[in-house]
Amino acid sequence: MTVDNFAAVTSDKIGAELYRRVKDVSRFARRTGIHAMRRASYLAYYGHDTEGLHTAGNVEESGEDGELRLIKINEFRATLQHVLTYITQDRVTWAARALNAAGGTLSATKLAATILDHYASRNALVEEVDRAIEMMLFLDTAYLSVTWDVDAGEAYGVQPPPEPDPENPDAPPPDPNAPPRIIHEGDVRVRALSPLDVYADPFRDPREARWRIERTPTNRYDLAAKYPKMAEKILALPAPETSRDLWMHSGTDIDHTDDVSLFTFYHAPTASIPKGRLVLFLSDDCVLMDMETPYGEIPIYRVCAHEFYGTPFGYALAYDLLAPQQALDMLYSTVVTNESAVAIQSFIAEDDINIDVASLRGGLNLIRKPRGASDPAPLQLLRTSPQTYESIDLMTKTFRSLSGVNNVSRGEPDAQLRSGTALAFMESRTLHFQSKGAMARTQASEWVGGAVIRRLRQFAGTQRIVGFAGPSGAYQARTFTGKDLEGISHIVVETGSPMQRSQAFRIEAGGALLQQPGMIKTAEQYLQLVTTGNITPLME
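Please read these numbers as outputs of a predicted model, since none were measured by experiment.

S.K.: Which residues make up the overall build of the protein, and what values do they have?
M.R.: Across its full length, the protein holds 16 helices and 20 strands. A separation of at least 24 residues holds for 70% of the contacts in the protein among residues at least 6 apart in sequence. For the protein, the computed accessible surface area is about 30,400 Å², with 54% contributed by carbon and sulfur atoms.

S.K.: Tell me what's going on with the nonpolar core, and back it up with residues and numbers.
M.R.: L288 and L456 are the most contacted members of the largest nonpolar core, which has 92 residues in total. Examining the composition of this core, we find that 10 residues originate from one element, helix 5 (residues 125-139), more than from any other. In this structure, L18, V25, I213 and F281 belong to the second largest nonpolar core, which totals 15 residues.

S.K.: Please give an account of the packing of helix 5 against helix 12 (residues 435-459) that cites residues and values.
M.R.: For the pair helix 5 and helix 12, interaxial distance at closest approach is 10 Å and the crossing angle is 140 degrees. Judged by the angle between their axes, helix 5 and helix 12 are oblique. Once helix 5 is placed against helix 12, the crossing between them reads as right-handed. Residues L125, V126, V129, D130, I133 and M136 of helix 5 form the contact with helix 12, whose participating residues are G437, A440, R441, A444, S445, V448 and V452.

S.K.: Lay out the layout of surface pockets in plain terms, naming residues and giving numbers.
M.R.: Size it by volume and the second largest pocket reaches roughly 1,000 Å³. The wall of the second largest pocket is formed by 36 residues, among which W148, D149, V150, D151 and K226 lie closest to the centre. Looking at the lining of the second largest pocket, the elements that each hand over two or more residues are strand 4 (142-149), strand 6 (182-184), strand 7 (187-193), strand 9 (211-219), helix 6 (220-226), strand 10 (259-267), strand 11 (277-283) and strand 12 (286-291). Considering only residue class, the lining of the second largest pocket consists of 17 nonpolar, 10 polar and 9 charged.

S.K.: Account for helix 2 (residues 34-45), naming residues and giving values.
M.R.: The end-to-end C-alpha separation of helix 2 is 16 Å, in line with the 16 Å expected for 12 residues at 1.5 Å each. With 9 of 12 residues buried, helix 2 is to be regarded as a mostly interior element. Buried residues of helix 2: I34, H35, R38, R39, S41, Y42, L43, A44 and Y45, and no others. Just downstream of helix 2, G47 is the residue with a positive phi angle, here 70 degrees.

S.K.: How would you summarise the packing of helix 2 against helix 3 (residues 75-88) if you had to cite specific residues and measurements?
M.R.: Close contact between helix 2 and helix 3 brings their axes to 8 Å; oriented N to C, the two are set at 90 degrees. Here helix 2 lies roughly perpendicular to helix 3, going by the angle between them. Contacts between helix 2 and helix 3 pair S41, A44 and Y45 from the former with F76, R77, L80 and Q81 from the latter. By residue class, the composition of the contact of helix 2 with helix 3 is 4 nonpolar, 2 polar and 1 charged.

S.K.: How would you summarise the environment of A200 if you had to cite specific residues and measurements?
M.R.: Looking at where A200 falls in the secondary structure, it is placed in strand 8 (residues 198-200). As for A200 and P312, which are separated by 112 residues in sequence, their C-alpha atoms are 9.2 Å apart. Residues in contact with A200, not counting those within four places in the same chain, are V25, W211 and R212.

S.K.: With reference to specific residues and values, describe the packing of aromatic side chains.
M.R.: Under the definition given, this model contains 19 aromatic pairs. Here the aromatic rings of Y301 and W447 are separated by 6.2 Å at their centres, their planes lie at 25 degrees, and the arrangement is stacked. Taken together, the positions of Y301 in strand 13 (residues 300-303) and W447 in helix 12 put the pair 146 residues apart, joining distant regions of the chain. Residue Y301 is classed as buried on the basis of its relative accessible area of 8%. Ring pairs connect the aromatic residues Y19, Y199, F263 and F281, which therefore count as one cluster. Lying across the ring of F6, R21 places its NZ or CZ 3.7 Å from the centre.

S.K.: Tell me what's going on with the sheet that holds strand 4, and back it up with residues and numbers.
M.R.: Backbone-to-backbone hydrogen bonds join strands into a sheet, with any given pair of strands oriented parallel or antiparallel. Read across the sheet, 3 strands follow the order 7-4-13 without closing on themselves; strand pairing throughout is antiparallel. Single-partner strands in this sheet number two, and they are strand 7 and strand 13. Adjacent strand axes in the sheet meet at a mean angle of 20 degrees, parallel and antiparallel pairs treated alike. In this structure, strand 4 lies alongside strand 7, joined through 7 bridges in antiparallel fashion. Of the residues in strand 7, the one forming a bridge with V146 is V190. Where helix 5 meets the sheet, it contacts strand 4, strand 7 and strand 13, and its direction lies at approximately 20 degrees from that of strand 7. Strands in contact with helix 12 are strand 4, strand 7 and strand 13; relative to strand 4, the strand with the most contacts, it is inclined by about 10 degrees.

S.K.: Can you tell me about the pattern of salt bridges, naming the residues and giving the values?
M.R.: Considering all chains together, one arrives at 21 salt bridges under this definition. A salt bridge links D24 to R20; the shortest N-O distance between them is 3.8 Å. Placement of both D24 and R20 in helix 1 (residues 11-31) is noted, with a separation of 4 residues, approximately one turn of the helix. Since its relative accessible area comes to 29%, D24 is described here as partly exposed. As a salt-bridge pair, E292 and K275 come within 3.7 Å of each other at their nearest N and O atoms. Placement of E292 in the loop between strand 12 and strand 13 and of K275 in the loop between strand 10 and strand 11 is noted, with a sequence separation of 17 residues between them. Taking relative accessible area as the criterion, E292 reaches 45% and is therefore assigned partly exposed. Look at the salt bridges and you will find they share partners, linking E17, R20, R21, D24 and R27 into a network.

How each quantity is defined
- Residues numbered from 1 in each chain as written.
- Predicted model: local features only at pLDDT ≥ 70, side-chain atom pairs only at ≥ 80, totals over all residues.
- Heavy atoms only, no water.
- Helix = DSSP H or I, 4+ residues; strand = E, 2+ residues; numbered from the N terminus.
- Contact = heavy atoms within 4.5 Å.
- Areas by Shrake-Rupley, 256 points an atom, 1.4 Å probe, with all protein chains shown as cover.
- Core = buried A, V, L, I, M, F, W, Y, C linked by side-chain atoms within 4.5 Å.
- Buried < 20%, exposed > 50% of the residue type's maximum accessible area, 1.4 Å probe, protein only.
- Axes fitted to C-alpha atoms, helices over the stretch in contact; angles between N-to-C directions.
- Parallel < 35°, antiparallel > 145°, perpendicular 65-115°, else oblique.
- Left-handed = near helix turned anticlockwise from the far one by under 90°.
- 1 Å grid on protein atoms, 1.4 Å probe; cavity = no way out; pocket = protein on both sides within 12 Å on 5 of 7 lines; lining within 4 Å.
- Points joined across faces, edges and corners; volume = space filled by probe spheres on them.
- Nonpolar A, V, L, I, M, F, W, Y, C, P; charged D, E, K, R; others polar.
- Expected span 1.5 Å × (residues − 1).
- Phe/Tyr/Trp six-rings, centres within 6.5 Å; stacked < 30°, edge-to-face > 60°.
- Lys NZ or Arg CZ within 6 Å of the ring centre and 35° of its normal.
- Pairing = 2+ DSSP bridges.
- Salt bridge = Lys/Arg side-chain N within 4 Å of Asp/Glu carboxyl O.

Structure representation (structure tokens):
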């Protein structure tokens, strides 16, 4: 019995093979329970209940007669936002490494760093990396796609009108009145993707992936114009499941979206597929393009801080915080239910006392009662158990213990922590605890930076302009083409120690060095130290 390599089948069969794998990977995630875990984390992060309805902004009524109150105080999201802030607080600084020390190659390294800084400010490069890091925190895994978009960049020409297809003489002739298609210089496209948008072999170590499939919502009319031979099939496709439908299991009842799910299959060059493969498809019988991959790699990079060993999935810190959040929801709801039911003051009096209440000016009341009768007394029904508040405090501490986000990190330092050194040490403990996440961000930034340079080196055939700040701080511009980036071996991101990255340490260090004669000579040096933590200029 022989087993065919699905990635090597002919173009007329590849659509069915790939679409089946999309469905298989989705079923695998559901059967293993990882989709349910990710969905629960997604809903908790955005303050939704299990039905996918937003509840964090309301006090809901529950019970048979609406006698209960449900409230969500989203400690889950607040904690993960603290973690995200710590992981992403440092500015990403790229540095290029050369294959050799030749003058032209060293010039290329400076150009590469300038290009990446330019893309970071103009093309939201860092924002996409940090968006992937945020998804990783509550979905365990995210992806970054770095591809070449032929329809981006400046326009520089017009594509000639299409010729009749000699292989299909019965096909209708090209429309002579069709608008000309503008040719663009192309540009790099970087996108952060959730686990719902990427499909891969679930039985293979994700670090050794041979293929991945990316799902992109795309306008069907644009696709029909771009692939006129498949226009009829493209326009007839049903509305796809949106990410909201997949996460929340509550559809929007909107079936007239202009988008369809465009799937892009990337297969790396291997012994069985020497030149790799790239396939664009919309369904099992609608394949738009089938070609050798132009990238020489899979241009989708997996971002994961903690592996779920023995599975193709990651494990998120958020999963350990789901149960404490549910406990907090119940405890806070108990307090609010009690307060709303019996917090309004009531009075109690003996049954046979004839009490007369007269209104005075200013809203005051005069109460008359028979001589010798007992006074009406306030009825104290509000007695929330002290154990309830102790449990709330316990769950709050549990959040901080599980996440490593201590009181100093939350801006609530203990009274005995007075010195900057002590505060810096406590803050560095949080940074150490989150070091895996920081490493994932550094690695993702290096992957993206390297991929951007490779795409430009391969596809940037026309001259481009990048702007940068010169030695005097004035804005300067430089032109380049892909050939100017020859000789770059890889891209690195430089980082420092966790304590050096804490603001408390920088201020304390700056104050200490100010006391040393000759160490800090100018205000600019002090501000640079406090802002960046870089002490190298002071040592030169």
